[in-house]
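Listed here are the chains, written in short residue letters.
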Amino acid sequence: MISRAKVGALQLDVDEIRRAYSSLLPVVRAERGQTALVDVKLPPEPWSPVEVAAVCLSAALEGRGRVRRPRDLEKAYESEFNRLIRQLEAFSILRRKLGVKLAPVEVIQADIMELDMEGEFDALLTSPPYIMTVDYVNEHRPSIVKLKLADSSQLESIEAKTIGLPSRVSAVELPESLLSYVKEAPSDVRRVVAAYASDVYRAFKRIRKTLKPGAKIAVAVGKNHRFSGKLVPTTAIVKKALEEAGYRITEVLEIKCPGLSAFKRGDWIECIILGERI
Ligand SMILES: C[S@@+](CC[C@H](N)C(=O)[O-])C[C@H]1O[C@@H](n2cnc3c(N)ncnc32)[C@H](O)[C@@H]1O
């Protein structure tokens, strides 16, 4: 099943991984008849083969409801496994090349609009939500609940706070330059574009207060999104929101991501907006 898996980066034994996968299958259980989960908690790295298999199996089972037969599960598992290994390999190459050492991190779980943070940060590295493309709360519901980041009863209120949700649109006055993107948007998604533009603008203004002058920023976002046959220029909107919120943009990198089928037809282009806080 995972004979094609690349296991170099983790120095894992393919047979061991295969045995771990089989040992996990009995603990897979169905939830709500749709989603199935592995009942395993993730400890800190380094992970054992069983833990690696658990992560991949969880991801495979979460995989947008396509898992119907055992064969589908095996295929989804293999692809999740290879994806994890590719990511770890890319990360280890970067670490070697750049001499990056991992520092301790503190993860704060909060709505960016409510987060009352103090500090003088050197950099901002972020990626705002993909406008109307990914349902972050529901797609990640199994992981969120299983990793105890929130319980099921909290998910609705977390979802209501998602950036770009039209119901969240506030009375924030948008700068004229951003308003023009709203006016040009297809009429059926104008409210969504308005919510998105106003949320990212407000979020970046808020974040700016915690950054040192000259702090470097990198913001990843899809180049365009297509609605009703018309393009919404997401990167241009986010770039403008950043400029209006007090950042200087120095470069926009475009990265072609062929075959990212989650994002519909054609090659997906991901942009990285680079700049600094003024
Ligand atoms: C494109 S993803 C980026 C995730 C992660 N930074 C990464 O690069 O893998 C956008 C993330 O923004 C989160 N998000 C949406 N609205 C938010 C809000 N109001 N406050 C904080 N995070 C929010 C979503 O849950 C989602 O995880």
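You'll find the structure just up there.
Residues numbered from 1 in each chain as written. Predicted model: local features only at pLDDT ≥ 70, side-chain atom pairs only at ≥ 80, totals over all residues. Heavy atoms only, no water.

Q: Provide a residue-level description of a nonpolar patch on the surface, including the pertinent values.
A: A surface patch of nonpolar side chains, amounting to about 480 Å² of accessible area, comprises F91, L94, L98, V100 and L102. By secondary structure assignment, the location of F91 is in helix α3 (residues 70-98). Among the residues examined, F91 registers a relative accessible area of 37% and is labelled partly exposed. (Patch = residues over 30% accessible without salt bridge, like charges linked within 9 Å, V, L, I, M, F, W, Y side chains within 5 Å. Areas by Shrake-Rupley, 256 points an atom, 1.4 Å probe, with all protein chains shown as cover. Salt bridge = Lys/Arg side-chain N within 4 Å of Asp/Glu carboxyl O. Helix = DSSP H or I, 4+ residues; strand = E, 2+ residues; numbered from the N terminus. Buried < 20%, exposed > 50% of the residue type's maximum accessible area, 1.4 Å probe, protein only.)

Q: A description of the site of the ligand should follow, citing residues and the corresponding values.
A: Around the ligand lies a shell of 12 residues, among which D111, I112, Y136, K161 and I163 are the nearest. Within the side chain of D111, an N or O atom sits 2.8 Å from a nitrogen atom of the ligand. Alone, the ligand offers 590 Å² of accessible surface; in the complex the protein occludes 54% of this. (Near = heavy atom within 4 Å. Polar contact = N/O pair within 3.5 Å; in protein donor to acceptor, adjacent residues only side chain to side chain.)

Q: Go over the packing of aromatic side chains, please, and point to the residues and values.
A: Under the criterion given, the structure shown has one aromatic pair. With a centroid separation of 6.2 Å and an interplanar angle of 75 degrees, the aromatic rings of F204 and Y247 are classed as edge-to-face. Taken together, the positions of F204 in helix α8 (residues 190-208) and Y247 in strand β7 (residues 247-257) put the pair 43 residues apart, joining distant regions of the chain. Both residues of the pair, F204 and Y247, belong to the buried class. (Phe/Tyr/Trp six-rings, centres within 6.5 Å; stacked < 30°, edge-to-face > 60°.)

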